[in-house]
Amino acid sequence: MVEVRSPLAHCKTPLLARGGSMADAIELKISHASIGSLMQIAGWGAAFTEAVTPLLHELDLDGLGDFHQAQTSEGRVCFRIAPTRLLIWTMDSQVAPASLSDIDAASAPILDLSHSRVRVTIEGSIARTLLTRLSTIDLRLHSFPDGAFSLSTIHHTSALIFHSQEIQYELLLPSSYAGSFLYYFVKDAKPFVLFDSYP
């Protein structure tokens, strides 16, 4: 298998940021990691549901899911981004689920997006504040709880934002804009924190 090389490989991450002085606790951490495997499955009507149901059962996922809350199971995340379109993200492995090969490509074509996205993790006490400044969605906990996701835009570019843990967000960003995104994050965070280093 071809090794996926992130365009952020040359950047110095993780980036750590503190509060009012360099002695303060870490309030923000921006890092990137291998995206693993990201597969899109799309289709049409009832034929799509019939084609993907065995895969979802095998992955221990509860049906197609909804459009706001991701499903997770054993290191995999499933995002329903349209009525008949799913993203299956295997976070820690470049090996996609083997059962994908059993799906009828005529009913549910599969597209490998692993090379087109990068994974950036933003975590810490001001992570929500930073992303609120950058995105167009309501990230307050009652609107965007743990496990929630949204396809949004950051600086006019599409991004998937996934609230993976209480103060941690995973972003799947277009590879071609990855470097610019990293600088945007640092620039917008500067009013709140002091960075130990820069990318």
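Student: How should the side chain of H163 be read in this particular structure?
Tutor: Along the chain, the position of H163 falls in strand β10 (residues 157-165). Looking at H163, its side chain comes within polar contact range of the main-chain oxygen of F144, at 2.9 Å. Separated by 3.3 Å, the side chains of H163 and D146 make a polar contact. Discounting residues that sit within four places of it in the chain, H163 has contacts with R128, L141, F144, P145, D146, G147, A148, Q168 and Y169.

Student: Any chance you could explain the side chain of D188 here in plain terms?
Tutor: If you trace the backbone, D188 turns up in helix α3 (residues 178-189). Of the side chains bearing the opposite charge, R133 lies closest to the buried D188, which forms no salt bridge; the N-O distance is 4.1 Å. In contact with D188, other than residues within four places in its own chain, are L130, R133, L134 and H155.

Student: Any chance you could explain the environment of Q71 here in plain terms?
Tutor: The residue Q71 is located in strand β4 (residues 71-73) in this model. Between the C-alpha atom of Q71 and that of L61, which follows or precedes it by 10 residues, the distance is 6.6 Å. Residues within four places of Q71 in sequence aside, it is in contact with L61, D62, G63, L64, G65, R76, V77 and C78. Among the polar contacts made by the side chain of Q71, one reaches the main-chain carbonyl oxygen of G63 at a distance of 3.0 Å.

Cut-offs used in this document
Residues numbered from 1 in each chain as written. Predicted model: local features only at pLDDT ≥ 70, side-chain atom pairs only at ≥ 80, totals over all residues. Heavy atoms only, no water. Helix = DSSP H or I, 4+ residues; strand = E, 2+ residues; numbered from the N terminus. Polar contact = N/O pair within 3.5 Å; in protein donor to acceptor, adjacent residues only side chain to side chain. Contact = heavy atoms within 4.5 Å. Buried < 20%, exposed > 50% of the residue type's maximum accessible area, 1.4 Å probe, protein only. Lys, Arg positive; Asp, Glu negative; His and termini not counted. Salt bridge = Lys/Arg side-chain N within 4 Å of Asp/Glu carboxyl O.

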